[in-house]
Amino acid sequence: MEPQAYSLLELNGLVKNAVRNAFPETCWLRAEMSDVRVNLTSGHCYLEFIEKHLQSGQTVAKARGSIWAKVYRMLKPYFEGETGQLFTSGLKVLVKVAVDFHELYGFNLTVLDIDPAYTIGDMARRRTEIIRQLQEEGVYTLNKELDFPALPQRIAVITSPTAAGYEDFLNQLHHNNRGYRFYPKLFPAVMQGEKTEESVIAALERIYAHSEHFDVVAIIRGGGSTSDLNSFDSYALACHCAQFPLPIITGIGHERDDTVIDLVAHTRAKTPTAVAQLLVSAAEEAESNVAALQQQCAALTRQWLRAEETALRTAILKIPPLALHLLERHRNTLRFTAHRLPVLATNGLERKGNELKNLRDDLKNGTETLLKQKKNALELAGQFVRLASPEYILRQGYTLTLKNGRIVKQVSEISTGDELTTRFADGETRSRAL
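Residues numbered from 1 in each chain as written. Predicted model: local features only at pLDDT ≥ 70, side-chain atom pairs only at ≥ 80, totals over all residues. Heavy atoms only, no water.

Draft legend 1. Broad picture of the sheet that holds strand β11 (residues 400-403). Taken together, the four strands give an open sheet; going across it, the order is β12-β11-β13-β14, and neighbouring strands pair in antiparallel fashion. Lying at the two open borders of the sheet, with one neighbouring strand each, are β12 (406-407) and β14 (427-432). In the sheet, β11 pairs with β12 via two bridges, with the strands oriented antiparallel. Residue pairing in the sheet places Leu 402 in a bridge with Ile 407 of β12. (Pairing = 2+ DSSP bridges. Helix = DSSP H or I, 4+ residues; strand = E, 2+ residues; numbered from the N terminus.)

And the structure:
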């Protein structure tokens, strides 16, 4: 018996009937929207619904979805008005769908309604989770704990160079009514859309490389839809801002909503213009502090001069009696010295006389001793001379042999036939060498 076989159309028809029987009514679906796109000709919206694993973030389920033009024209503005977010990929939604399977197009979820409250709750949960994570990591208040500079003039500005808010910021800063000078440096960044997080972080890293040249960082943007704020509720961006070594001022153009980077920044202003006003106010406060210090310094100087003047006057009044007292003390010293002078002179003369007598006796004794020493030395020298003289040697029985009047000291000096003279103590004889 041959096995039963279905054609593809037949099989898909069976699946279609099974799906319809399993889901005869519509149902509500929790999922994340992905690949949202609109057909400009028909007005239909096509997308994918996905679900990700909570820990790994990997996609674990996927289904094709569609919103027909008639429903999409009502659903999109309703959702964006309620949530303040663009109807775009990446949002978690709660939608009412009809489950269908088409023989040609396959499985599809047709969106009929949407509950914005679910998306708002999800965004709030995500925002709360980011804040909690920053607090647990101990970085949430780091930037707020930095000392704000007394005179912030060198400002690193992160914004889009074409943003109207940037022009308002510069105008307010450079045309302040006090004439303060500021030195803003633009670090361009994308301030809305999917690239906002990456672009602002890159600008922060460029500033960090030259942080010693700046006093503060201003992150500003002009007005825009509330949905644009979604990029500023980013953990990575908030973490960079919280740990940045310079105070960060935010002014991203929304008075009602505080983004996560508003919460971790050192100071939050409502608009770019408000950021400029804050910097001008800081300069005014610095000027006031300097003026107060000048006044305090002048008052202390006057107080010191008055104290010194009083002390000088007191000293002037004390000079005459002090001078008289000093003169009287010196007079008494002179009188005492004059009274003792004869006694001191007599004692001094007697002492010097004794010293001279001692010197004279020492000189006499030293001279006599020296003369005796020299006399003995001379006598020893004379005796040595006598003992060393030829006459003394000859008297001892020795003789001297002379050749040509010179004493012969060695035999080698005598040759055969030389005439020699031999000297004795009592005379001399002549001979010839053989």
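Draft legend 2. Here's a closer look at helix α1 (residues 8-22). In a regular helix each residue adds 1.5 Å, so 15 residues correspond to 21 Å; α1 covers 21 Å between its end C-alpha atoms and thus fits that length. Along α1, the residues that are buried comprise Asn 12, Gly 13, Lys 16 and Val 19. Projected onto a plane normal to the axis of α1, the buried residues spread over an arc of 125 degrees and lie on a single side. Opposite the packed face of α1, turned more than 90 degrees from it, sit the exposed residues Asn 21 and Ala 22. In this fold, the buried residues of α1 make contact with β4 (92-102). (Expected span 1.5 Å × (residues − 1). Buried < 20%, exposed > 50% of the residue type's maximum accessible area, 1.4 Å probe, protein only. Arc of directions from axis to C-beta. Contact = heavy atoms within 4.5 Å.)

Draft legend 3. Up close: helix α6 (residues 235-242). Every buried residue of α6 is listed here: Leu 237, Ala 238, Cys 239, Cys 241 and Ala 242. Buried residues along α6 sit in contact with α3 (116-136), α5 (196-208), β8 (216-220), β9 (248-251) and α7 (260-264). With a side-chain oxygen positioned 3.4 Å from the backbone nitrogen of Ala 236, the residue opening α6 is Ser 234. (Polar contact = N/O pair within 3.5 Å; in protein donor to acceptor, adjacent residues only side chain to side chain.)

Draft legend 4. Representation of the packing of aromatic side chains. One pass over the structure, following the stated rule, counts four aromatic pairs. A centroid spacing of 6.0 Å and a plane angle of 70 degrees characterise the contact between Tyr 72 and Phe 87, whose relative ring orientation is edge-to-face. Of this pair, Tyr 72 sits in helix α2 (residues 69-83) while Phe 87 sits in the loop between α2 and β4; the two residues are 15 residues apart in sequence, bridging distant segments of the chain. Here Tyr 72 and Phe 87 have matching classes, each one buried. Aromatic pair Phe 79 and Phe 87: ring centres 5.5 Å apart, planes at 85 degrees, arrangement edge-to-face. Neither residue differs from the other here; Phe 79 and Phe 87 are each classed as buried. (Phe/Tyr/Trp six-rings, centres within 6.5 Å; stacked < 30°, edge-to-face > 60°.)

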